[in-house]
Amino acid sequence: MRSHRRSRLLAPFLLVPLTAGCFASGGGGDSASGDGKDRDGARLRVALAFPPAENLSPYGADATLLSRLGVTEGLTALDANGSAAPALAESWRRDGDKTWEFTLRDATFQDGGAVTPAAVAASLTHATDAKPAPAALASVTLDAKASGDRVVRVTTAEPDPVLPLRLSSPSLAILSKEAYGKGSRVDPVGHATGPFELTEVNGATSASLDRFDDYWGGRAQASGIDARFIADGTARANALRTGELDIAEAVPVAQAASLDEKTRRDTATTRTTSLLLNASSGTFKDAGLRAAARAALDTSVFAKDVYEGYGDPGAGVYGPAVTWAEGKRTAPVGRAAAKKPGSGDTITLATYDNRPELPEVAQVVKQQLEKAGFTVELTVREYSRLEGDALDGKFDAFVLARNTLLDTGDPVAVLASDYTCDGGFNIAQLCDEGVDRAVADAEKIADTAKRQDAAMAAEARILGSDAVVPLVHQRIITGVADSVQGVVLDPYERTLVGTGTRR
C-alpha cells in the first residue's frame, strides 16, 4: 500500500540559542552564576527515555535524540509560534515557485571544517538519497546547489510553500562530508554543528558529549553532557530524586507527585495519544467495526485518570498546544454506522512501554472494547522491538503517542505521513481517496491561514474514517534538579539542553 516507510521514534522530541530563548526554561536566566563560584565547567547529567535505535542515523528514530542533546541542527529552527526561525541559515528568500535561497551564517563543523554552501548542499543531497527517505521529505523531491560564497539554492520538483519549515526537521540536520562513509552509513559523531559534540556512545546504555567551543552561537555554559538512556520512567524519576541526575525527560505522571514541586516542569506539547485502527486488514478493515470501537471509548477518562490531569481530552489530530486548531475544527466527514462486533472479532492491540502511561492507556482501551463485545489480546514491548511490526500492519490496533509537529512543523505533513496511501508512517494502514485528495489540496496552499483551514478539512475526513481515535493531548513532565538552570521546555519536543543550560 505504501511506496516507502519512515522508521522513527515518536518519542521525543535544532538546538540553537534562538530556540532556547523562545521556550520556557527550567529555572533562572541564562546569565552566569552570581555566587562567586565557577560553575562553567560542570557537566550535565541527563536521562533520556529512548536509546539509539538506528546507530545514530539522523534520518530516523535517533534524529530527535541528537537534537535534544544539542548535537545537530539544520538550516532553520522552529520558534515558539511554530514559524521557521534562523539556525545555520541566517536568512532566506523565495525565488520563483520552486526555488528558495538560504544565506548561511559563519559557522564551523565540529571536525574543524567550515559550513560552506557546498557542504550544506552535499548534506541535503545525502538526506534526499536516503532509503527510506526522512519523514520531512515524504512526497518531496529537492535539489540543493551551492551558489556563491554564502548561498545555497534549494529547488523542489513541485512548489513547496513551507520549505523553510521543512528544513527545520531534526532529520535534515547538516553534517560535514566526513559523516558520510561508504554505503548508507552516516556518522554524526564529531561531524555536526551543535553546541555539544558526541565523543563516545556506549550502545543503548549511555553517551558522552563535550562542549564544542567553536559553536557559532557562543560557548555553552556546561562543559559537557553525560547522557544515560533509561527506558524505565520510575528509574528516571528515582535517579533524579537521589541526586544522580540533573535532568530527567518524560517523568511518568505516576511519579510526578513524588518529586519536589520545584523539580517538576510540565509543558503543553503538540503530542497526541491516539488509538490507531488497522483499516486495511483484519477486523477493522470493516468501517462499521471501526465506528463501533470509536463509539465504545470514553476518552474523558484518559486525561483525568491515566494522565492525572497532565493532559486534555482528545479532540482531534491536533491538540490545545496547536493554538489555532480548535477554532477551525469541523465535524468528522463520512463516518460509517457502527456495527455490533461478532464472537469471532478478536483483535490484537499493541503499545510500547518507553512512555509509561501507554500500557495503562492500552489496558483501559482493552477494557472498554471488551465491554462493547470485542475480544482483545494486548501486546506491550519496548518501542524499537515493536515499530517494524506496527508499520507492517501486524496489529489490529495500536496506541501511539505522536508529536504532530515534530517532523516539519507543518500541520499538513503529519497527515500526509500518517494517513495517506503512500504515507511513510501509516500505522493505521489507511488508504482513502477522499483523505488523499484533501491532504494533496492542503499541500498546495502557501497562505498560512488557508493552509490551516485545509489541514482541518483533511483532519475531518481522517477522523471520519475512524482509523484514528484521539484519546488525550499530553503535557510532558521534565524533572529538573534545583541546581540546574536554562533547561529548554519545548512544546515540539525537539530541544532539551542549550547553550544556557547549566548547573
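First, a word on what this report is: a plain description of the structure on this page. (Residues numbered from 1 in each chain as written. Predicted model: local features only at pLDDT ≥ 70, side-chain atom pairs only at ≥ 80, totals over all residues. Heavy atoms only, no water.)

**A short note on the packing of aromatic side chains**
Line of reasoning, step 1. Applying the stated criterion to the full structure yields eight aromatic pairs.
Line of reasoning, step 2. Centre to centre, the rings of Tyr215 and Trp216 are 5.2 Å apart; their planes meet at 50 degrees, and the pair counts as tilted.
Line of reasoning, step 3. Of the residues examined, Tyr215 reaches a relative accessible area of 4% and is grouped as buried.
Line of reasoning, step 4. Ring geometry for Tyr352 and Tyr383: centres 4.7 Å apart, planes at 80 degrees, overall edge-to-face. Taken together, the residues span a long stretch of sequence, with Tyr352 in strand β15 (residues 346–352) and Tyr383 in the loop between β16 (375–381) and α10 (387–391) at a distance of 31 residues.
Line of reasoning, step 5. The class of Tyr383 is buried, set by a relative accessible area of 2%.
Line of reasoning, step 6. Aromatic ring contacts, followed pair by pair, group Phe50, Tyr352, Tyr383, Phe395 and Phe398 into a single cluster. (Phe/Tyr/Trp six-rings, centres within 6.5 Å; stacked < 30°, edge-to-face > 60°. Buried < 20%, exposed > 50% of the residue type's maximum accessible area, 1.4 Å probe, protein only. Helix = DSSP H or I, 4+ residues; strand = E, 2+ residues; numbered from the N terminus.)

**A look at the state of the cysteines**
Line of reasoning, step 1. One pass over the structure, following the stated rule, counts one disulfide.
Line of reasoning, step 2. The disulfide bridge from Cys421 ends at Cys431, spanning 1.9 Å between sulfur atoms. Of note, the bridge from Cys421 to Cys431 carries an S-S torsion of about 100 degrees and is right-handed in sense. Within this pair, whereas Cys421 is found in the loop between α11 (411–419) and α12 (433–443), its partner Cys431 is found in the loop between α11 and α12, the two being separated by 10 residues in sequence. (Disulfide = S-S within 2.5 Å.)

**Looking at the environment of Val468**
Line of reasoning, step 1. Mapped onto the elements of the fold, Val468 is located in strand β18 (residues 468–480).
Line of reasoning, step 2. Classification of Val468 as buried rests on a relative accessible area of 2%.
Line of reasoning, step 3. Sequence-wise, Val468 and Tyr419 are 49 residues apart; in three dimensions their C-alpha atoms are separated by 9.0 Å.
Line of reasoning, step 4. In this view, Val468 contacts Ser274, Leu275, Leu276, Tyr419, Ile462 and Leu463; residues no more than four positions away in its chain are not counted. (Contact = heavy atoms within 4.5 Å.)

**Section: the layout of surface pockets**
Line of reasoning, step 1. Here the largest pocket is characterised by a volume of approximately 490 Å³.
Line of reasoning, step 2. Taken together, 24 residues line the largest pocket, and the ones lying closest to its centre are Asn81, Gly82, Ser83, Gly409 and Gln452.
Line of reasoning, step 3. Taken together, the elements giving at least two residues each to the lining of the largest pocket come down to α4 (163–166) and α13 (448–465).
Line of reasoning, step 4. In terms of residue count, α13 provides more of the lining of the largest pocket than any other element does, three residues in total.
Line of reasoning, step 5. Tallied by class, residues from the lining of the largest pocket come to 14 nonpolar, eight polar and two charged.
Line of reasoning, step 6. Around the second largest pocket, the lining comprises 16 residues; the ones closest to its centre are Ser57, Tyr59, Ala130, Ser184 and Val186.
Line of reasoning, step 7. Per-class residue counts for the lining of the second largest pocket are five nonpolar, six polar and five charged. (1 Å grid on protein atoms, 1.4 Å probe; cavity = no way out; pocket = protein on both sides within 12 Å on 5 of 7 lines; lining within 4 Å. Points joined across faces, edges and corners; volume = space filled by probe spheres on them. Nonpolar A, V, L, I, M, F, W, Y, C, P; charged D, E, K, R; others polar.)

**With respect to the sheet that holds strand β5 (residues 89–94)**
Line of reasoning, step 1. One open sheet holds the four strands; their spatial order is β5-β6-β8-β7, and the pairing between them is antiparallel. In this open sheet, the two strands that pair with only one neighbour each are β5 and β7 (142–147). Looking at each pair of strands side by side, their axes are set apart by 20 degrees on average, direction ignored.
Line of reasoning, step 2. Sheet topology note: the strand β6 (residues 99–104)/strand β8 (residues 151–156) ladder contains five bridges and is antiparallel. Its bridge partner lying in β8, Trp100 is registered against Val154. (Pairing = 2+ DSSP bridges. Axes fitted to C-alpha atoms, helices over the stretch in contact; angles between N-to-C directions.)

**Quick notes on the packing of α11 against α12**
Line of reasoning, step 1. One can describe the packing of α11 onto α12 by two numbers: an axis separation of 10 Å at closest approach and a directional angle of 150 degrees. When the axes of α11 and α12 are compared, the pair comes out roughly antiparallel. As for how α11 packs across α12, the hand of that crossing is left-handed. Residues Val412, Leu415, Ala416 and Tyr419 of α11 lie in contact with α12, whose contacting residues are Val435, Asp436, Val439, Ala442 and Glu443.
Line of reasoning, step 2. Of the residues belonging to the contact of α11 with α12, the class tally is seven nonpolar, no polar and two charged. (Parallel < 35°, antiparallel > 145°, perpendicular 65-115°, else oblique. Left-handed = near helix turned anticlockwise from the far one by under 90°.)

**Notes on the environment of Thr270**
Line of reasoning, step 1. Within the secondary structure, Thr270 sits in strand β13 (residues 264–277).
Line of reasoning, step 2. In sequence terms Thr270 and Thr193 are 77 residues apart; their C-alpha atoms lie 26 Å from each other.
Line of reasoning, step 3. Apart from residues no more than four positions distant in its own chain, Thr270 is found in contact with Ala321, Val322, Arg402, Asn403, Thr404, Leu405, Pro491 and Tyr492.

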